[in-house]
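A closer look at the structure
So you can see what is in the structure, the chains are spelled out below.
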Amino acid sequence: MSSSNPQIINSDCIVIGGNITGLIIATILQRRGIKVTLLDQCRDIGGRLATRRISQEKSIEGVFDSGIQYLSVKNPQFQVWVDDWLKHKVIKEWCQGFGEVDGKPRYCGINGMSEIAKYLAKNLDVHTSTKIIEFSYEKKWLIGTQSERQYQGDMLAMTSPIPESLSLLDASFIPLPLEIRFSLEQIEYDSCIVVLALLEKPSNIPAPGGISLEDDSLVWLADNHQKGISPDGYAITLLATPKFSDYYWDSDDVEIVYKLVTAAADYLDSPVIKYQVHRWRYSSPKTFYNESCLGLLELPLVMAGDAFVDPTLEGSVMSGMAAGELICQRFRVY
Ligand SMILES: Cc1cc2nc3c(=O)[nH]c(=O)nc-3n(C[C@H](O)[C@H](O)[C@H](O)COP(=O)(O)OP(=O)(O)OC[C@H]3O[C@@H](n4cnc5c(N)ncnc54)[C@H](O)[C@@H]3O)c2cc1C
């Protein structure tokens, strides 16, 4: 890559991923005065924090959480973020259990889960529709994208799913120490096919509008109308099992929708008027790295994400916090 390109944007730290992990890292750095730029390949920020819309007529719009469905809290450090989101009316309590009430709050975005990402991104320098294709390091990182624009920074944080991060490192000819590379290669993910179905009539899904299933094909159904994010449409999210998702990954959408809607028929009890299918290749890590983030000693490079802690929003935030602190230490900002 040539650094003579006039379109170079400079930062102290470049973060790959406008997802929850990347946004937490960037928030921590910005609070300590470190200049940070986030880059994401997608048009919308959030990664697996995703909310989609399907319109039928002017008056009918379904709003669906197509990735994460809700969050809950175990760790007091995570509770601090959650309290802030509650205070600023980004999230609300959905319920205290599905089927059985266990007194443990489950929270959801007031207007969908992607609101959390939008809220965190409000005062950050986020560049969407910016796919990183390679990078190089010579005193500084030079990050190449699909557009003419390049980004330069002293530190690089990668928060994409591990296989994607490894592919990027390979494309950039950046070797990792063998032991670390081996550990990262052991991390595997389940895939998940999601169907978003807009119904003609209300569903039969019991209150509060979410149900876990022990089925061959379906693992979860959510009624986004009951959840409160889809006031003008009966919007149902259907999550397929990893087994179904692997088997039908390359099948056409009509077949997938037919199979999953048939399997959920007892809970739907209404014609589907419109649908979308979303395929999450890296939905949920099955194996994990043995530290909350990875900081290389050889290079100013940090990696983080849910595969470093656990497969939840909380796990991603905890990993992002660890990575943010590590980067601050490297900049000697405390
Ligand atoms: C269907 C589904 C249901 C879930 N349900 C729950 C739930 O109920 N509760 C819960 O706590 N968790 C749930 N999760 C898990 C939760 O969503 C994740 O743990 C969390 O969002 C992971 O975030 P992350 O920051 O690690 O990465 P991701 O959100 O995966 O973000 C990775 C980002 O990297 C970007 N990227 C990748 N490559 C490049 C590149 N080359 N250039 C630029 N950008 C790039 C991507 O665009 C993406 O934005 C669910 C996930 C899925 C898919």
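Residues numbered from 1 in each chain as written. Predicted model: local features only at pLDDT ≥ 70, side-chain atom pairs only at ≥ 80, totals over all residues. Heavy atoms only, no water.

**Regarding the side chain of serine 316**
With respect to the element layout, serine 316 can be found in helix α10 (residues 313–330). Residue class for serine 316 comes out buried when judged on its relative accessible area of 6%. Discounting chain neighbours no more than four positions away, the residues touching serine 316 are Ile20, Thr21, Gly305, Asp306 and Asp310. (Helix = DSSP H or I, 4+ residues; strand = E, 2+ residues; numbered from the N terminus. Buried < 20%, exposed > 50% of the residue type's maximum accessible area, 1.4 Å probe, protein only. Contact = heavy atoms within 4.5 Å.)

**Description of the domain arrangement of the protein**
Annotation of the protein at the domain level lists domain 1 (8–43 + 128–187 + 292–330) and domain 2 (51–69 + 190–284). For domain 1 versus domain 2, the distance between C-alpha centres works out to 32 Å. (Domains from an automatic or database assignment.)

**With respect to the packing of helix α2 (residues 76–87) against α10**
With their axes 10 Å apart at the nearest point, α2 and α10 run at an angle of 110 degrees to one another. Judged on the interaxial angle alone, α10 and α2 are roughly perpendicular. Residue-level inspection shows Gln77, Phe78, Trp81 and Trp85 of α2 in contact with α10, the latter providing Leu313, Glu314, Val317, Met318 and Met321. Classifying every residue of the contact of α2 with α10 gives 7 nonpolar, 1 polar and 1 charged. (Axes fitted to C-alpha atoms, helices over the stretch in contact; angles between N-to-C directions. Parallel < 35°, antiparallel > 145°, perpendicular 65-115°, else oblique. Nonpolar A, V, L, I, M, F, W, Y, C, P; charged D, E, K, R; others polar.)

**Describing the pairing of strand β10 (residues 150–158)**
The buried fraction of β10 is high, at 8 of 9 residues. Taken together, the 8 bridges between strand β1 (residues 8–16) and β10 define a ladder with parallel strand orientation. Bridging from a neighbouring strand, serine 11 pairs with glycine 153 of β10. In terms of strand pairing, strand β9 (residues 140–145) meets β10 through 4 bridges, oriented antiparallel. From the neighbouring strand, tryptophan 141 faces β10, where its bridge partner is glycine 153. (Pairing = 2+ DSSP bridges.)

**Some details on the nonpolar core**
Ile20, Leu71, Phe78, Trp85, Ile116 and Leu313 are the most contacted members of the largest nonpolar core, which has 60 residues in total. Domain assignment of the residues forming this core places at least three in each of domain 1 (8–43 + 128–187 + 292–330) and domain 2 (51–69 + 190–284). Those residues in contact with isoleucine 116 that lie beyond four places of it in its chain are Ile20, Leu49, Leu71, Trp85, Val90, Ile91 and Leu313. Counting 29 residues, the second largest nonpolar core, distinct from the first, contains Ile132, Ile174, Leu176 and Ala307. (Core = buried A, V, L, I, M, F, W, Y, C linked by side-chain atoms within 4.5 Å.)

**Brief notes about helix α1 (residues 20–31)**
If you check α1, its first and last C-alpha atoms are 17 Å apart, about what 12 residues at 1.5 Å a residue would give, namely 16 Å. With 10 of 12 residues buried, α1 lies mostly within the body of the structure. Where α1 is concerned, the buried positions are Ile20, Thr21, Gly22, Leu23, Ile24, Ile25, Ala26, Thr27, Ile28 and Leu29. Following α1 by one or two positions, glycine 33 has its phi on the positive side, about 80 degrees. (Expected span 1.5 Å × (residues − 1).)

**Side note on the site of the ligand**
Taken together, 35 residues lie near the ligand, and Asn19, Thr21, Asp40, Arg48 and Tyr70 sit nearest. A distance of 2.6 Å separates an oxygen atom of the ligand from a polar side-chain atom of threonine 21. Aspartate 40 places a polar side-chain atom, nitrogen or oxygen, 2.5 Å from an oxygen atom of the ligand. Counting residues per element, the ones that place at least two in the shell around the ligand are α1, α4 (162–171), β15 (272–285) and α10. (Near = heavy atom within 4 Å. Polar contact = N/O pair within 3.5 Å; in protein donor to acceptor, adjacent residues only side chain to side chain.)

**Quick look at the sheet that holds β15**
With antiparallel pairing, 5 strands are arranged side by side in an open sheet as β12-β13-β14-β11-β15. With one partner strand each, in any of the chains shown, β12 (210–212) and β15 form the two edges of the open sheet. On average, adjacent strands in this sheet sit at an angle of 15 degrees to one another, irrespective of strand direction. With 6 bridges joining them, strand β11 (residues 189–199) and strand β14 (residues 234–240) adopt antiparallel strand pairing. Residue pairing in the sheet places valine 195 in a bridge with leucine 238 of β14. Running at roughly 95 degrees to β15, helix α8 (residues 253–263) makes contact with β11, β13 (218–223), β14 and β15 of the sheet.

**Things to note about the side chain of glutamine 152**
Mapped onto the secondary structure, glutamine 152 falls in strand β10. Discounting chain neighbours no more than four positions away, the residues touching glutamine 152 are Ile8, Ile9, Asn10, Ser11, Ile14, Lys140, Trp141 and Leu142.

**A closer look at the packing of aromatic side chains**
Aromatic ring pairs are defined here through the distance separating the ring centres and the angle between the ring planes. The final tally for this structure, using the stated rule, is 13 aromatic pairs. Taking 6.1 Å as the distance between ring centres and 80 degrees as the angle between the ring planes, the aromatic pair formed by phenylalanine 78 and tryptophan 85 counts as edge-to-face. Comparing phenylalanine 78 with tryptophan 85 shows no difference in burial state: the two are buried. Three or more aromatic residues joined by ring pairs form one cluster here, namely Tyr70, Trp94, Phe98 and Trp220. (Phe/Tyr/Trp six-rings, centres within 6.5 Å; stacked < 30°, edge-to-face > 60°.)

**Section: the pattern of salt bridges**
Overall, the coordinates contain 15 salt bridges when judged by the stated rule. Between aspartate 170 and arginine 181 there is a salt bridge; the shortest N-O distance is 2.8 Å. In this pair, aspartate 170 sits in helix α4 while arginine 181 sits in helix α5 (residues 178–185), placing the two residues 11 residues apart along the sequence. The buried category is assigned to arginine 181, whose relative accessible area is 18%. Between lysine 286 and aspartate 190 there is a salt bridge whose closest N-O contact spans 3.7 Å. (Salt bridge = Lys/Arg side-chain N within 4 Å of Asp/Glu carboxyl O.)

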